[in-house]
Amino acid sequence: MVTKPLTKNIDMSRPPLDFRAYVAAAGYQSMRVIAKGMTPADVLQMVKDSGLKGRGGAGFPTGLKWSFVPMGTGAEQQKYLVVNADEMEPGTFKDRLLMEGDPHLLIEGMLIAAYTIQASKAYIFLRGEYFVAEKALQKAIDEAYAGGMLGNNILGTGFNLDIVLHTSAGRYICGEETALLNALEGKRANPRAKPPFPQVSGLWGKPTIVNNVETLCNLPGILTYGIDWYHSLTKGSDHGTKLCGVSGKVKTPGCWELPLGTPIRELLEDYAGGMRDGLKLRGFLPGGGSTDFLLPEHLDLTLDYDVIGKAGSRLATGTMIILDDHTCPVGMVGNLMKFFAHESCGFCTPCRDGLPWVDEIFNDFENGHGSEKDLAILHDHVEYLGPSRTFCALAPGATAPLGSGLRHFREDFERHIKEKRCTYK
Amino acid sequence: MAKIVIDGKTYEVNPANNLLQECLSQGLDLPYFCWHPCMGSVGACRQCAVKQFRNAEDTKGALVMACMTPANDGAIISIEDPQAQKFRAQVIESLMISHPHDCPVCEEGGECHLQDMTQMSGHNYRRYDKKKVTHNNQYLGPFINHEMNRCITCYRCVRFYDDYAGGTDLSAQASHHHVYFGRHEEGVLESEFSGNLVEVCPTGVFTDKVFSEHYSRKWDLQTAPSVCVGCAVGCNTTPGERYGSLRRIVNRYNSEVNGYFLCDRGRFGFEFVNSDERIREAQHVVNGSSSPLTDAQVKSVFAELKSAQAIGIGSPRASNEANYALRCLVGEENFYAGMSAAEFDCVQLHIQLARDPAFHIPSVREIEQADAVLILGEDVTNVAPRIALALRQSVRNKAKELAAACKIPQWQDAAVRELAQRQNSPLCVLSPYATRLDDIASDCVIDSYAVLTNVAYAIASAIAPAAPEAKPARERAELVQRVAAQLLSARRPLIIAGSSGGAVMLRAAANIAKALQGSRHSPVDLCILAQEVNSVGLGMLAGSGQNLSAALARIARGAESRAIVLENDLFLRAEHGAVAAAIDKLEQLVVVDHIATATTQRADYLVPSTAFSEHEATYINYEGRAQLSYQVNRCHSQAQPAWRWLHTQSDMHVANLVDRCAAEAAGFAGLQAVLPDTSQFIAGMKIPRQSHRYSGRTAMKANLNVHEPKQAVDTESPMAFSMEGIPSQKNASILGAAWAPQWNSNQSISKFQAEVNGELKQGSVGALLLQKQAASGGFFSHDLLARPASNDGLQLAIAYQIFGSDELSARSPAIRERMTAPYISLSPADARSRGLAQGDEVAIADTKFTATVCIRSRMQDGTAALYCGANEIDQFSLPTQVELSKTGFNSARGMRGLIVSDLHEEGY
Amino acid sequence: MNSEVIASNAKRPRKLSTEEIAEIEHELTLYPDKRAVGLEALKIVQKHQGWVSDESLLAISKYLDISPSDLEGVATFFNLVYRQPVGRNVMLFCNSVSCWIMGCEGIKQHIKDKLEIEFGETSADGDFTLIPVPCLGDCDRAPVMMVGSDLHRNLTPEKINKIILDYRNK
Ligand SMILES: Cc1cc2nc3c(=O)[nH]c(=O)nc-3n(C[C@H](O)[C@H](O)[C@H](O)COP(=O)(O)O)c2cc1C
Ligand code: SF4
Ligand code: FES
């Protein structure tokens with residue numbers, strides 16, 4: 001029985017499976033299942049039933065998202081599938097693994113998604129710096145065309161799909177799905193207002209689905225092995241497996257495929273080998289730079305969307321960033337703030353003008369010029385940059401480490417003010 | 001209608017709008033930056049946040065951007081909610097972190113939306129003490145200053161310039177808090193509507209460079225409601241004066257005409273008023289030497305002329321009152337329209353068509369409603385620029401339609417654009433050269449007028465078989481069918497024509513409209529462009545056939561030996577030789593004008609009149625809309641309004657004259673409706689032209705006399721030349737500059753509108769004079785232009801330029817910087833066969849004129865379009881077919897400043 | 001309406017090479033709207049020229065009929081479009097959070113000292129341009145940087161010395 005559907009073919013010590021080897025390893029089976037007579041509506045129902053949630057960060061149910069695409073004869077016929085392969089969230093390194101390690105899996109996932117919404121064209125929006133992934137994907141795409149899995153009338157279903165591999169010119173905001181669409185259209189990547197959602201008016205005004213790489217890689221297993229199998233994978237309340245990573249000063253940082261519901265402690269201590277000798281865990285961001293700090297007391301929580309949500313943070317990308325007791329939390333948050341300030345698209349006021357102020361204040365803290373007044377301004381910005389106040393979720397993402405950092409590491413901020421220096425240096 | 005609750009009070013609102021617009025329509029104060037009534041919402045600035053509650057039980061609520069939230073029935077919101085207030089204060093604090101706070105030296109100061117909103121949002125003390133972001137500024141040409149450090153990144157400039165006005169050379173650049181708005185490199189802003197940036201920008205990034213040259217604070221300007229004299233659209237303006245000179249012009253809202261926007265000719269072309277070429281005193285010229293005349297002497301000259309048979313030549317740039325007074329003086333049979341025969345024919349036909357119940361002459365706002373447009377031989381951008389801007393909105397009706405089908409509200413600006421991509425409503429342009437609207441055109445036919453007229457008649461007959469038949473060339477047959485089908489299936493089709501294509505083309509336009517009308521049983525929009533501010537008014541006053549040629553012929557016959565020319569340079573309107581010969585014949589030429597022209601140089605009696613800002617007057621625009629323009633300031637010279645010189649009765653007021661004209665002149669009934677309703681004035685107090693903050697009044701003339709001079713008394717109008725009085729609180733049409741408590745910028749206009757972007761309270765959109773008359777007969781018979789017999793020579797069309805083709809604005813220094821020398825457009829093949837290259841200077845055979853060669857890739861072979869410069873070439877002396885010979889290469893004179901979309905580049 | 005005021009001092013577009021044109025033409029087949037190809041064309045030109053000069057930008061503008069201002073707005077938005085000349089090798093140095101925790105500041109200092117440049121600058125010999133880049137998605141092997149299209153992981157000052165030497169000798 002397959003227990004690691006995402007990584008079963010991945011062995012980074014050799015090149016990824018080519019088309020033939022991939023097929024031999026039960027690859028593209030899902031399309032054969034579909035070709036036996038599943039309608040798009042059948043596939044949609046199956047994905048809904050699987051309980052798959054988006055792995056791009058927001059954890060939105062994938063089937064539900066697809067169901068908003070207007071279908072039928074009256075609807076716009078041209079639809080698009082877009083793969084969000086822009087992975088730029090600080091501390092996140094999971095999609096890279098999938099694309100470099102098993103590119104055909106992504107293509108198979110794309111076929112399923114595109115079939116469901118009857119999109120004849122798909123774009124992979126790949127981070128520009130991912131040269132290895134670019135090569136691997138382009139090779140896989142070419143092979144899939146040659147193998148009859150892309151192009152016209154795939155497996156006699158009458159369904160056509162073309163995939164274009166697009167590399168980004170680089171900017172974190174391009175990961176935001178509507179900004180991504182603008183970037184694909186060759187425009188400045190400012191996000192778009194929602195509604196209308198991309199499912200209704202997306203790429204070039206046509207119905208469009210944007211999904212994360214990992215989300216799509218879940219699909220082949222679901223179609224091939226069925227719902228029951230998929231539901232049997234988890235140890236917790238959310239379904240499937242999840243790529244989980246650990247970075248920071250642990251013994252063996254890395255990225256692994258784990259059943260959802262795995263305790264965080266297991267990830268940190270068994271997989272990542274625990275903290276480096278002489279260091280203690282002070283806290284961690286559970287799912288990339290846009291999540292709230294959790295503390296050592298949270299180690300026994302399980303990797304579940306709701307569980308981590310209840311603890312005040314988010315599972316998001318599932319890649320943890322570890323803060324140890326010899327690293328300055330003020331500096332760490334400051335580093336994130338510099339990132340967010342620089343990566344703001346510059347469209348809405350709080351993000352564009354609020355984050356640079358926050359960044360300047362962290363610079364002052366770093367250089368021993370922090371003041372109580374500035375600390376108060378930081379607190380103001382946690383609220384000011386929060387959800388619904390900005391145009392998109394970038395700035396609210398920044399408030400996650402900022403707000404929780406201020407809360408959990410208050411003494412560190414105060415020590416910086418009192419001693420007029422960074423006490424970790 | 002929907003009911004919503006705002007801070008506990010229930011309001012009736014329009015659910016098709018967003019909450020911000022509805023709050024403002026209700027007169028509530030809610031700060032905003034990025035939203036604009038004409039440009040919709042994008043949700044960038046976050047300044048308009050309010051609290052919205054899910055239902056009556058919800059006490060927590062959530063912040064929403066009012067501009068991005070529909071005013072749905074049952075919505076419950078709070079502007080005053082403390083969290084919303086706090087957030088708005090944070091937004092403004094944030095916007096101001098890098099703002100230089102240079103209000104004392106900033107030209108926006110005192111009418112700055114950012115100042116107002118800062119106050120309104122409650123941001124007082126700067127907490128930000130880090131480094132500010134600074135930018136470099138760009139040279140943007142003679143009209144606009146650039147001071148990027150003041151930018152608050154609301155994106156309005158590019159949304160206006162690119163999205164609304166179709167400009168391509170201004171963009172948002174860079175990102176995060178380094179976003180920059182400018183050109184890709186320094187240089188002249190190309191759009192004809194760049195001046196609106198001054199008003200669209202909520203702070204002082206884009207300011208009026210012409211104004212800078214002689215700057216004054218808004219509150220120190222004496223202002224009055226005025227009408228632009230730049231073309232026949234009649235946009236409403238507010239000129240500002242100080243120390244006797246006109247300092248600037250800003251837009252004055254009129255829901256039916258110009259709305260919120262002006263063109264650059266109108267905004268920057270006023271400086272002829274301050275020109276050294278103004279005529280300041282009355283003169284009697286004998287053998288080249290002039291002697292001054294007193295007022296009484298002038299009066300007696302006219303009194304004498306009244307009894308003598310004198311010819312009066314009126315002017316399309318003079319007011320109704322002046323033209324009417326001249327007509328009264330010389331008698332109707334001796335009154336001539338100072339327009340060429342061809343032009344006058346068009347104006348008369350224009351008036352006739354406007355009165356025909358089959359047609360409707362649409363206002364600018366109505367033009368924006370069109371969903372299929374056909375332009376016949378007219379370069380709209382250069383002839384009636386504000387209408388070109390309206391056409392850019394009309395093609396977006398397709399997008400709005402698509403959005404409606406997807407239930408996307410019309411004000412969701414970015415979403416609507418995104419959905420529609422490049423899909424536009426059809427717009428077809430028939431023109432002798434590529435025009436500035438081609439980028440939004442679905443079809444363009446570029447050819448000689450002979451061919452264009454044929455195509456036009458063919459479209460009419462494709463729509464209605466009863467129309468006179470015309471066969472288009474085979475390669476155009478498909479286009480003719482397509483355009484006909486587009487017009488037929490449109491909800492509100494629009495045909496545009498003007499005098500450029502002559503009366504033949506106008507008749508073709510009428511035939512097309514009539515053909516359409518046959519199938520829809522309602523009047524069809526037929527927009528006829530006239531050339532000048534009062535072409536229509538003059539056309540209504542002059543009898544049929546009473547054109548300039550007729551006048552010149554009568555003089556040449558020696559029938560009459562005296563003539564009065566009113567504010568008109570005859571050399572611009574007929575062949576120079578004919579004008580000169582006629583003048584030579586005269587014993588006495590009396591010229592009334594405010595500025596020196598070739599005609600005033602020939603005057604025996606030269607009488608100074610006031611310019612548009614120095615008198616009260618009415619003008620009639622292309623629709624037949626009469627509008628009243630108030631006097632802004634007194635003219636400190638001997639000049640008087642022309643009508644005052646011409647009218648023999650001494651105690652005449654404008655109002656009396658308007659009444660009399662309305663009563664006596666055919667077609668003018670209803671003119672008096674434009675006069676203000678004085679009963680609304682509080683306690684009979686006048687409306688001050690100066691603001692209550694007008695400064696320096698006691699000192700401004702102290703170099704001459706330390707006693708404060710008595711303020712001039714205006715006995716004629718409801719306005720006063722002073723700060724005393726009571727400003728109009730509701731009626732913006734008699735308010736110098738719109739102002740409301742807390743709203744010092746032009747955005748205060750919403751306080752005077754019945755609803756945002758709607759009519760001004762108490763109407764005041766002018767009076768439509770051209771009443772419908774009995775239905776006309778059938779189609780005009782088919783009188784195609786003859787195609788040239790031979791193929792030698794190029795068929796000539798006259799090209800217009802927004803900067804240069806208008807006589808008065810061409811005297812303004814800033815406009816001059818944008819003017820080009822005469823140029824002649826040719827196709828690449830025609831240039832090649834004549835051995836001509838881009839920028840060559842050529843002589844036009846059989847004339848004494850030269851022009852610069854402009855090779856354009858989209859010109860039709862065998863045709864040429866000539867721009868005559870500011871009357872550097874006498875267009876009336878030109879043959880219909882020309883040949884060219886190279887005289888030299890002159891790149892310096894070249895085509896500097898010329899903007900064309902299809903400049904041919906060798907080798908690219 | 002891609003028009004321009006005729007001015008004698010304006011920069012002129014350069015001629016695009018046949019390879020550049022071929023690649024741009026290929027991109028045109030992949031997108032339904034040529035506007036989308038503007039950004040691709042900038043990347044193509046950069047690939048061949050190392051950076052996007054004004055003359056290149058104007059050339060693309062002409063070729064695709066996208067106004068220079070629009071293109072400039074796009075070019076300056078993205079991190080990986082260089083509107084200034086860069087050295088033979090571009091070092092994309094990750095300074096995001098995981099690399100920061102793993103000591104990228106020290107590595108950065110080492111590079112700066114070795115090459116005597118700050119972020120955004122090019123070494124005097126024209127060999128390297130140092131540019132900070134957001135998280136390179138290789139956080140389990142931090143600190144990391146890219147030189148050209150090669151990724152270098154688990155950086156130490158010694159590794160940096162070697163990398164610099166290797167590229168100089170290339
Ligand atoms: C600032 C920002 C950056 C984002 N970056 C990424 C990203 O790099 N990759 C990704 O898959 N999703 C990213 N997202 C989330 C996407 O907007 C979107 O939710 C996701 O692609 C949806 O895919 P899913 O439903 O498969 O998770 C980002 C969101 C925001 C607000
Ligand atoms: S929060 Fe605003 S400025 Fe920030 S990235 Fe989103 S839209 Fe752009
Ligand atoms: S006016 Fe509503 S966000 Fe700017």
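Cut-off values and rules
Think of each chain on its own: its residues are numbered from 1, step by step along the sequence as written. Note on labels: chains are lettered from A, ligands numbered from 1, in written order. Whole-chain, interface and lining totals are the exception, using all residues; otherwise, since this is a predicted model, local features are given only for residues with pLDDT of at least 70 and side-chain atom pairs are given and counted only at 80 or more. The side-chain numbers reported here are obtained from all heavy atoms of the structure, hydrogens and water having been left aside. Secondary structure counts use DSSP, requiring at least four H or I residues in a row for a helix and at least two E residues in a row for a strand, with both numbered from the N terminus. In this treatment the radius of gyration is a C-alpha quantity, and the globule benchmark scales as 2.2 Å times the residue count to the 0.38 power. Between buried and exposed lies partly exposed: a residue is buried under 20% and exposed over 50% of the maximum accessible area for its type, with that area taken using a 1.4 Å probe on protein chains only. Whether two residues are in contact is decided by their heavy atoms, any of which lying within 4.5 Å being enough. All accessible-area figures derive from a Shrake-Rupley calculation using a 1.4 Å probe, and residue coverage is judged against the displayed protein chains alone. Positive residues here are Lys and Arg, negative ones are Asp and Glu, while His and the chain termini are left out of the count. Charged side chains are reduced to one point each, which is NZ for Lys, CZ for Arg, CG for Asp and CD for Glu. The rule for a residue being near a molecule or strand is that one of its heavy atoms must lie within 4 Å of it. Any pair of N or O atoms that falls within 3.5 Å is considered a polar contact. Within protein, one atom must be able to donate a hydrogen and the other to accept it, and sequence-neighbouring residues count only if both atoms are side-chain atoms. In short, buried area is how much 1.4 Å probe accessible area vanishes from two parts on joining, totalled over both. Just to be clear on terms, a salt bridge is a Lys or Arg side-chain nitrogen sitting within 4 Å of an Asp or Glu carboxyl oxygen. Residue type decides the class: Asp, Glu, Lys and Arg count as charged, Ala, Val, Leu, Ile, Met, Phe, Trp, Tyr, Cys and Pro as nonpolar, and the leftover types, Gly among them, as polar. Between the first and last residue of a helix there are one fewer steps than residues, each counted as 1.5 Å, and that sum is the expected span. Strands are labelled as partners when DSSP assigns at least two bridges between them. Lines fitted to C-alpha atoms define the axes here, with helix axes fitted over just the stretch in contact, and angles between the N-to-C directions of these axes take values from 0 to 180 degrees. Domain ranges listed in this record stem from an automatic or a database domain assignment. In this analysis, a patch consists of residues with relative accessible area above 30% that form no salt bridge, clustered at 9 Å for like charges and at 5 Å for the nonpolar side chains Val, Leu, Ile, Met, Phe, Trp and Tyr. For the purposes of this section, nonpolar cores are sets of buried Ala, Val, Leu, Ile, Met, Phe, Trp, Tyr and Cys residues that join through side-chain atoms within 4.5 Å. Here a cavity denotes grid points, spaced 1 Å and computed from the protein atoms alone, that fit a 1.4 Å probe unable to get out, and a pocket denotes an open set having protein on both sides within 12 Å along at least 5 of 7 lines; residues with an atom within 4 Å of a point are the lining. Grid points are joined across faces, edges and corners, and a volume is the space filled by probe spheres set on the points. Here a pair means two rings of Phe, Tyr or Trp (six-membered ring of Trp) with centres within 6.5 Å. Their orientation is stacked below 30 degrees between planes, edge-to-face above 60, and tilted elsewhere. Ring-over charges, as used throughout, are those where CZ of Arg or NZ of Lys falls within 6 Å of the ring centre and within 35 degrees of the ring normal.

### Details of the overall build of chain B
In terms of regular secondary structure, chain B is built from 25 helices and 39 strands. Relative to the 2.2 N^0.38 estimate, which gives 29 Å for 908 residues, the radius of gyration of chain B is 28 Å and therefore close to what a compact globule would have. Projected onto its principal axes, the C-alpha positions of chain B cover 90 × 75 × 60 Å. Out of the 908 residues belonging to chain B, those deemed buried represent 65%. Relative to all contacts within chain B whose residues are 6 or more apart in sequence, the contacts with residues 24 or more apart total 74%. For chain B, the exposed surface amounts to about 31,500 Å²; the carbon and sulfur share of it is 49%. Across chain B, the 84 positively charged side chains and the 97 negatively charged ones have centroids separated by 4 Å.

### Regarding the site of ligand 1
Residue and element names in this part refer to chain A. Residues in contact with ligand 1 amount to 18 residues; listed here are only the nearest, Gly56, Lys65, Asn211, Asn212 and Thr215. Asn211 places a polar side-chain atom, nitrogen or oxygen, 2.9 Å from an oxygen atom of ligand 1. Here Thr215 contributes a side-chain N or O atom positioned 2.7 Å from an oxygen atom of ligand 1. Within the complex, the protein chains bury 91% of what would otherwise be the 610 Å² of accessible surface of ligand 1.

### Overview of the interface of chain A and chain C
How big an interface is tends to be stated in terms of the accessible area lost upon association of its parts. The interface of chain A with chain C comprises 54 residues on the first partner and 39 residues on the second. Between chain A and chain C lies a buried interface of about 3,500 Å² when both sides are counted; carbon and sulfur atoms form 63% of it. Across the contact surface, chain A and chain C share one salt bridge. Secondary-structure elements contributing two or more residues to the side of chain A that touches chain C are β2 (121-126), β3 (162-167), α8 (177-184), β5 (241-247), β6 (254-259), β8 (319-324) and α13 (329-343) of chain A. If one sorts the elements of the side of chain A that touches chain C by residue count, α13(A) sits on top with seven residues. Here the residues of the side of chain A that touches chain C are counted per class, giving 25 nonpolar, 16 polar and 13 charged.

### As for the interface of chain A and chain B
Facing the 40 residues of chain A at the interface are 38 residues of chain B. Summed over both sides, the interface between chain A and chain B buries roughly 3,300 Å², with carbon and sulfur atoms accounting for 51% of that surface. Considering only the side of chain A, the residues that lose the most area to chain B are Arg188(A), Trp357(A) and Arg389(A), jointly responsible for 20% of the buried surface there. Its salt-bridge partner being Lys373(A), residue Asp129(B) comes within 2.9 Å of it at the nearest N-O pair. Applying the counting criterion to the chain A and chain B interface returns 22 residue pairs in polar contact (both at pLDDT 80 or more). Of all the secondary-structure elements, those providing two or more residues to the side of chain A that touches chain B are α13, α14 (349-366) and α15 (372-384) of chain A. In terms of residues, the side of chain A that touches chain B owes the most to one element, α14(A), which gives 10 residues.

### Quick notes on the pattern of salt bridges
Here the structure, examined in full by the defined rule, presents 97 salt bridges over all chains. The partner of Glu214(A) in a salt bridge is Lys94(A), with the nearest N and O atoms 2.8 Å apart. Of this pair, Glu214(A) sits in helix α9 (residues 213-217) while Lys94(A) sits in the loop between β1 (80-85) and α5 (95-101); the two residues are 120 residues apart in sequence, bridging distant segments of the chain. Grouping residues by exposure puts Glu214(A) and Lys94(A) together as buried. In this structure, the salt-bridge partner of Asp138(C) is Arg96(A), at a minimum N-O distance of 3.7 Å.

### Structural notes on α14(A)
In this model α14(A) runs 26 Å from its N-terminal to its C-terminal C-alpha over 18 residues, within 8% of the 26 Å that 1.5 Å per residue would give. Buried residues dominate α14(A), accounting for 15 of its 18 residues.

### Description of the sheet that holds strand β7 (residues 281-285) of chain A
Hydrogen bonds along the backbone pair up the strands of a sheet, which may run parallel or antiparallel. All names here are of chain A. Read across the sheet, four strands follow the order β6-β5-β8-β7 without closing on themselves; strand pairing throughout is mixed. Here the strands that pair on one side only, and so sit at the sheet edges, are β6 and β7. Across this sheet, the average inter-strand angle for adjacent strands is 30°, counted without regard to direction.

### Re the domain arrangement of chain A
All names here are of chain A. The domain architecture assigned to chain A consists of domain 1 (19-232), domain 2 (241-324) and domain 3 (329-419). Each of domain 1 and domain 3 has a C-alpha centre, and these two points are 35 Å apart. Taken together, the contacts link 11 residues of domain 1 with 11 residues of domain 3. Linking domain 1 with domain 3 are one salt bridge.

### A closer look at a nonpolar patch on the surface
All names here are of chain A. Taken together, the side chains of Phe60, Leu64 and Phe68 make up a nonpolar region of the molecular surface, amounting to roughly 260 Å² of accessible area. Take Leu64: it is sitting in helix α4 (residues 62-67). A relative accessible area of 37% places Leu64 in the partly exposed class.

### A closer look at the nonpolar core
Core analysis: the biggest nonpolar cluster contains 359 residues, and Phe302(B), Ile387(B) and Ile512(B) have the highest contact counts within it. With sequence-adjacent residues up to four places away left out, Ile387(B) is seen in contact with Val233(B), Val364(B), Ile367(B), Val380(B), Ile496(B), Cys527(B), Leu529(B) and Tyr622(B).

### Some points on empty space enclosed by the protein
Enumeration according to the criterion identifies 17 cavities of 30 Å³ or more in this entry. In this structure, the largest cavity encloses a volume near 230 Å³. Lining the largest cavity are 21 residues, and of these Asn382(B), Arg436(B), Gln801(B), Leu898(B) and Ile899(B) lie nearest its centre. A class-by-class count of the residues in the lining of the largest cavity yields nine nonpolar, six polar and six charged. Of the pockets and cavities examined, the second largest cavity occupies roughly 170 Å³. For the second largest cavity, the lining is made up of 16 residues, of which Asp353(A), Ser98(B), Cys151(B), Thr153(B) and His177(B) are closest to its centre. Here the lining of the second largest cavity is composed, by residue class, of seven nonpolar, seven polar and two charged.

### Topic: the packing of aromatic side chains
Residue and element names in this part refer to chain B. Scanning the entire structure with this criterion turns up 37 aromatic pairs over all chains. Summarising the aromatic geometry, the rings of Tyr32 and Trp35 are spaced 5.2 Å apart at their centres and angled 85° between planes, so their arrangement reads as edge-to-face. What makes Tyr32 buried here is its relative accessible area of 3%. Seen in terms of ring centroids, Tyr155 and Phe181 are 5.2 Å apart; in terms of plane orientation they differ by 90°. Their pairing is edge-to-face. Remark: Phe181 occurs in strand β8 (residues 180-182) and Tyr155 occurs in the loop between β6 (144-146) and α4 (156-164); sequence separation between them is 26 residues. Phe181 matches Tyr155 in its accessibility class, with the two residues each being buried. Between the NZ or CZ atom of Arg242 and the centre of the ring of Tyr694, over which it lies, the distance is 5.0 Å.

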